[in-house]
Every structure is written in structure tokens, then in C-alpha cells.
Amino acid sequence: MTGTRQPGGAPTRPGLLAHPTTPRSLRVHDAALRAAAELLAEGGLPATTMDAVVARSGVSKATLYKHWPSRTALAAEAFGLRMADAAAPPDTGSARGDLTEHLRQVSALYAGDHGLVFAQLLAACVTDPGAGSYFREFFLQGRRDAVAELWRRALERGEADPDIDGETAIDLLFGPLVFRLMAGHLPLTRQEADRIAAAALGGLLRRPPP
């Protein structure tokens, strides 16, 4: 998800700096994002310092701070753009199949290198609230929009409980994955993902008539 902007470069969400509009500013912005994405892939958030982005992109540190309030904000936007097409929501023909398969996809993503970067960004946003807006806008919102589409599809098919809103359904299904990633008390395996899906969907989906 790249994030949508209002005309004139104003951010759509509070806490975001105005997006650049001139060709030169856009080139600088994109160069910094590419450099940050490469550094994240190579060494995670610890490697993605402003100095490292300056060295990799050639963009001055003063310019970076005109575009992002912190290095975590820059890293969050870069990570979101890199992950925009990851774990595309499936269409299996049923709500149970769609949501179970997508939970498996996200679990596998969190279990890999991308999951480590996700955890680092999530933790960093606790002490850098300004970066949280970038994390939600450029990464988290895209992920939630994808699941919300699966939930809308389930409602249209009459398979989901209409009294449960999509935001609640998303948190019940995918919240356990984030908790397990951060706490490390249980593995992020396909078998565990199936157990979470079965338990959550038992309350989220309508039961067929006997």
C-alpha cells in the first residue's frame, strides 16, 4: 500500500508529513525509500540508520528529515511499499477456506525474515509514536484492507455472522499471530495457524443448519 494523499500533498492521516509533489522531491523520496528497503533486507531495522540511508542513497540527512520525522518512520514506509504485494488474499470459494489460507500465509510471512523486520518496527513504534502513523498507513492498513475484503465477501455469501464487524474479526484472527511473534511462546507453523483459524472461525462464521 502506497498511501493516498489529498491534493496539494497534505497527508490523509494525522502525523504524516506532506508527500513531495515536485519531480526532484519525488526522485529524492524514492531514492531514500529504495535505500531503506535494501538496508532493511540486509540487516533489519538496526542497519537502517539515517547515516546508512544517506550513504546508500546520496540524499542528505537534512533532506531526509524534511520527508520523514525519524528513521523508524522512513523504514516503516519503505517496508510497507516492499510488502504491498505480499500474501495476496486468496479466493478458495468459501469464507472458511479464504480466511484459513490467508492466516497460513501471514503466519508464514511472520515466521521468516520479514516477520523479524515487522517485529522490530512494531517495537520501535512504541517508543516513537510519530512513526506509528507511517507504520499504520504504509503497512498495516494495506494488510487490514485485504482481510476486510475477505470478510465482506463472507458476509455477501451469508457465511459470516453479520453482527460481528470486520475490525473485530481481523483482530480475533490475526492478533494471535502478532502476539506469538512478539512473545515467542509458540511457533508460527502451518499447524498452529490452522488451530487458530479453527478456533476463531468457530465463533465468527455462521453454523450450517442441522
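Going by the structure above, here's the rest.
What comes next is a walk through the structure.

The rules behind the values
Numbers given to residues run from 1 along each chain, matching the order in which its sequence is written. It should be noted that, the model being predicted, local features are given only for residues of pLDDT at least 70 and side-chain atom pairs only at 80 or more, the latter also being counted only at that level, while totals for whole chains, interfaces and linings use all residues. Values shown for side chains rest on all heavy atoms present in the structure; no hydrogens or waters enter the calculation. The numbering of helices and of strands both runs from the N terminus, where a helix is a DSSP run of H or I of at least 4 residues and a strand a run of E of at least 2. Here's how the labels work: a residue is buried when its accessible area is under 20% of the maximum for its type, exposed when over 50%, partly exposed in between, all with a 1.4 Å probe on protein chains only. Any two residues whose heavy atoms approach within 4.5 Å at even a single point are treated as in contact. Within 3.5 Å is the distance limit for a polar contact, defined as a pair of N or O atoms, with the added protein rule that one can donate a hydrogen and the other accept it, and that residues adjacent in sequence qualify only through two side-chain atoms. Fitted lines through C-alpha atoms serve as axes, helices being fitted only where they are in contact, and the angles separating the N-to-C directions of these axes extend from 0 to 180 degrees. Reported orientations rely on four angle classes, namely roughly parallel under 35 degrees, roughly antiparallel over 145, roughly perpendicular from 65 to 115, and oblique for the rest. Should the near helix be turned anticlockwise from the far one by less than a right angle, the crossing is left-handed, and should it be turned clockwise, the crossing is right-handed. When residue character is reported, Ala, Val, Leu, Ile, Met, Phe, Trp, Tyr, Cys and Pro are called nonpolar, Asp, Glu, Lys and Arg charged, and the others, Gly included, polar.

### Here's the deal with the environment of Asp-194
Now for step 1: Assignment of secondary structure puts Asp-194 in helix H9 (residues 190-204).
Now for step 2: The partly exposed category is assigned to Asp-194, whose relative accessible area is 25%.
Now for step 3: A sequence separation of 56 residues divides Asp-194 from Phe-138, and the C-alpha atoms of the two residues are 28 Å apart.
Now for step 4: Apart from the residues lying within four places of it in its own chain, the contact partners of Asp-194 are Thr-100 and Arg-104.
Now for step 5: Within the structure, Asp-194 has its side chain in polar contact with the side chain of Arg-104 (distance 2.6 Å).

### Section: unusual backbone geometry
Now for step 1: In this structure, Ala-87 is a non-glycine residue whose phi angle is positive, near 55°.
Now for step 2: Checked against the element boundaries, Ala-87 lands in the loop between helix H4 (71-82) and helix H5 (95-111).

### Quick notes on the side chain of Arg-180
Now for step 1: Locating Arg-180 in the fold gives a position in helix H8 (residues 166-183).
Now for step 2: By relative accessible area, Arg-180 is classed as buried at 15%.

### Regarding the packing of helix H7 (residues 129-156) against H8
Now for step 1: One way to put it is that H7 packs onto H8 with a least axis distance of 10 Å and a crossing angle of 110°. Here H8 runs roughly perpendicular to H7, going by the angle between their axes. The chirality of how H7 crosses H8 is right-handed. Of the residues in H8, those in contact with Arg-144, Val-147, Ala-148 and Trp-151 of H7 are Gly-166, Glu-167, Ala-169, Ile-170, Asp-171 and Phe-174.
Now for step 2: When the residues that make up the contact of H7 with H8 are grouped by side-chain class, the tally is 6 nonpolar, 1 polar and 3 charged.

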